Amino acid sequence: MPKVNLKLLAFFMFPCWQKFSQFLLPNYCLLCQVNFAPDGLCEACEAELPWQQACCPICAEPLEVSLLCGRCLNHLPNFDQAIAPLCYEGAVKQLITQLKFSEKLACANVLASLLIKHLSQDKQFIKPDLLLPVPLHAKRIQERGFNQALEIAKPLAKALNIPLKHHFLYKKIFTLPQVGQSFAARKKNLKNSFALRGKLVGQHLGLVDDVMTTGSTVNEIAKLLKAQGAARVTVFAVARTGG
Ligand SMILES: [Zn+2]
Ligand SMILES: [Zn+2]
C-alpha cells in the first residue's frame, strides 16, 4: 500500500474543511452576533449604520450642510477629494476596532462593501487609475500582523476592477500614534515620514484608509504623490471623525 504523506494530505484538505465548517456553522452578524448574516451584517444592524448626512465636499468633514468647511476655505488640502461615507461612531467604530485590535479580518470585507455601496450610488464618482493603501511602518505591521488599510483596499480594488499597488508607498519613519495629538502636532509628527518606490506620473491615485481623523496623514501622503507627478489624489476612507 502506498505511503500517505499526512502533512501533504492535511495541506490539501484544509480548504475543504474550512468550506465544510462554514456550512456547519452559519455566519452570524459581526455586530449583534445573534442574527444569521452570510454577508457579515444582518438587516437590522445594517439599518442602524451611521451614514454621513452632510459633509465638506473636499475633506468629508461632517457638517450641518454640504459646503466647504472652514479649513478647506482657508487652505485647500493636497488631495483633491476625500470620500468617507460613514461617521466614526457606534457600529462603524465597533467594526473598525474589531478589525484592528481583534484581528477580525471579516470586518474589512464588510467595511469595504459599505464603501462600495456608497460609490455605486455616487453619480459624481470618478474611478481612480489604481489604489494605494495608507501604509503602516514595518514595526507596526509586525505588531499587528496586517495593515487594515490594505485589507479594505483589496476588495475595493476588486470591485472597482483597478490595480492595487501595496508596496509602492511605504512608511520610512516610525511615528508615535496620532490619537490625542493636536492638528499641528500631527502634521509635524508625519513630516517626511512616507516614501515612494518609483513614480506614477499623470495618474489618478486612490488612497485607501480605514478611518480619516484630521486628514493629516492622507494630506502628507498626497503632498508626496503630487510632488512625484500624480495628476489627482482621491482619499477613500470608510469613516470620518468630526474635525
Ligand atoms: Zn446584527
Ligand atoms: Zn473641508
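Refer to the preceding data block for the structure.
About the cut-offs
Residues numbered from 1 in each chain as written. Chains lettered and ligands numbered in written order. Predicted model: local features only at pLDDT ≥ 70, side-chain atom pairs only at ≥ 80, totals over all residues. Heavy atoms only, no water. Donors = N, O, S within 2.8 Å, 3.2 Å for Na, K, Ca; no water. Tetrahedral: all angles 85-135°; square planar, octahedral: opposite > 155°, others 65-115°. Helix = DSSP H or I, 4+ residues; strand = E, 2+ residues; numbered from the N terminus. Buried < 20%, exposed > 50% of the residue type's maximum accessible area, 1.4 Å probe, protein only. Axes fitted to C-alpha atoms, helices over the stretch in contact; angles between N-to-C directions. Parallel < 35°, antiparallel > 145°, perpendicular 65-115°, else oblique. Left-handed = near helix turned anticlockwise from the far one by under 90°. Contact = heavy atoms within 4.5 Å. Nonpolar A, V, L, I, M, F, W, Y, C, P; charged D, E, K, R; others polar. Polar contact = N/O pair within 3.5 Å; in protein donor to acceptor, adjacent residues only side chain to side chain.

Caption draft 1: Up close: the coordination of the zinc ion (ligand 1). Within the protein, the zinc ion (ligand 1) binds to C29 (SG), C32 (SG), C42 (SG) and C45 (SG); these donor distances fall in the range 2.3 Å. With 4 donor atoms in place around the zinc ion (ligand 1) and angles of 104 to 115 degrees between them, the coordination shape is tetrahedral. Positions of the donor residues of the zinc ion (ligand 1), expressed as sequence spacing, correspond to C-x2-C-x9-C-x2-C. On the criterion of sequence distance, the pair formed by C29 in the loop between α1 (6-24) and α2 (43-47) and C45 in helix α2 is long-range, its members being 16 residues apart. In this pair, the class of C29 matches that of C45, namely buried.

Caption draft 2: Geometry of the packing of helix α4 (residues 90-102) against helix α5 (residues 106-121). Here α4 crosses α5 at 140 degrees, and the two axes come no closer than 8 Å. With respect to each other, α4 and α5 are oriented oblique. Viewed along their axes, α4 and α5 form a crossing whose handedness is left-handed. Along its contact with α4, which presents L95, I96, Q98 and L99, the element α5 presents C107, A108, V110 and L111. Partitioning the contact of α4 with α5 into residue classes produces 7 nonpolar, 1 polar and no charged.

Caption draft 3: How the structure looks around the side chain of N147. Along the polypeptide, N147 turns up in the loop between α6 (138-144) and α7 (148-160). According to the relative accessible area criterion, N147 is buried, its value standing at 8%. There is a polar contact of 3.0 Å between the side chain of N147 and the backbone oxygen of V134. Apart from residues no more than four positions distant in its own chain, N147 is found in contact with P133, V134, P135, L136 and I141.

Caption draft 4: Expanded view of the coordination of the zinc ion (ligand 2). Around the zinc ion (ligand 2), the protein supplies C56 (SG), C59 (SG), C69 (SG) and C72 (SG) as donor atoms, at distances of 2.3 Å. Angles of 103 to 117 degrees at the metal separate the 4 donor atoms of the zinc ion (ligand 2), which places the site in the tetrahedral class. Donor residues binding the zinc ion (ligand 2) come from one chain and are separated in sequence as C-x2-C-x9-C-x2-C. The buried category is assigned to C69, whose relative accessible area is 3%. Overall, the relative accessible area of 4% leaves C72 in the buried class.

On their own, these measurements won't tell you what the molecule is for.
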